[in-house]
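Geometric and topological summary
So the chains spell out like this:
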Amino acid sequence: MLLPYYQDVFVEAGCDEAGRGCLAGPVFAAAVILPRDFAHDILTDSKQLKAEERAGLRTFIEKNALAWAVADVDHEEIDRINILNASFLAMHRALDMLSMRPEHVLVDGNRFKKYGELAHTCVVKGDGKYFSIAAASILAKTYRDEFMQKIACLHPEYEWHSNKGYPTIKHRNAVLKHGFSPYHRKTFRVTDPQMDLFHSSDADIELV
């Protein structure tokens, strides 16, 4: 079972994002503040769970969290400021939307742009270690998947209903054949389905 919190003095918000390595659509982020005694038998990194498990956990988190919020940064803004900065901005926006003010931010990953004057702690693979980050990963993932499902019918050739915008072989082949849709990130380039996706200004995109 994951740990309930990183420290037990300050009100702590867990943050995580979804969609950083995608070719299309926004990057989503969530911020979640959980009760000190929060626990759940299966809550963990969203990537380790089935879609139906994530859906059930989303309902549970939204009902039991002290505060939660989900925000996004769209593909056009990603192209303007790059995906790393867009991920930070989405997390900041989620923190802005919380109904309860956190005193400490617990972030998944190894980098974060300071949010106001609040202290923060980065935890590599934190979504598999702390409930609040795992909860944020569930919300960010489910809200983003829901968005991609809604727009999938507009451009069925990219199969977003199944790949959610991630750079699968079929998705990359579709981009090479049809070009970018209005929802694609234009600064993300695909040269060949057998080659790694890369970004012109940020080389450490997560292909998950």
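Shown above is the structure to which this text applies.
The rules behind each value
- Residues numbered from 1 in each chain as written.
- Predicted model: local features only at pLDDT ≥ 70, side-chain atom pairs only at ≥ 80, totals over all residues.
- Heavy atoms only, no water.
- Core = buried A, V, L, I, M, F, W, Y, C linked by side-chain atoms within 4.5 Å.
- Buried < 20%, exposed > 50% of the residue type's maximum accessible area, 1.4 Å probe, protein only.
- Helix = DSSP H or I, 4+ residues; strand = E, 2+ residues; numbered from the N terminus.
- Contact = heavy atoms within 4.5 Å.
- Pairing = 2+ DSSP bridges.
- Axes fitted to C-alpha atoms, helices over the stretch in contact; angles between N-to-C directions.

Looking at the nonpolar core
- Leu95, Leu98 and Phe112 are the most contacted members of the largest nonpolar core, which has 36 residues in total.
- When residues of this core are assigned to their parent elements, the largest contribution, eight residues, is made by helix α3 (residues 83–97).
- Not counting residues within four places of it along the chain, the set of residues in contact with Leu98 comprises Ala13, Ala31, Ile33, Ala67, Trp68 and Ala69.
- Counting 21 residues, the second largest nonpolar core, distinct from the first, contains Ala18, Val32, Ile61 and Ala65.

Re unusual backbone geometry
- Here the phi dihedral of Glu159 falls at roughly 60°; this positive angle occurs in a residue that is not glycine.
- When you line up the elements, Glu159 lands in the loop between α4 (131–152) and α5 (160–163).
- Although it is not a glycine, Lys164 adopts a positive phi angle of roughly 55°.
- Take Lys164: it is sitting in the loop between α5 and α6 (169–178).

Re the sheet that holds strand β3 (residues 67–73)
- Across the sheet, which stays open at both edges, the five strands sit in the order β3-β2-β1-β4-β5 with mixed pairing between neighbours. Bordering the open sheet on either side are β3 and β5 (119–123), each of which pairs with just one other strand. Here the average twist between neighbouring strands, direction ignored, is 20°.

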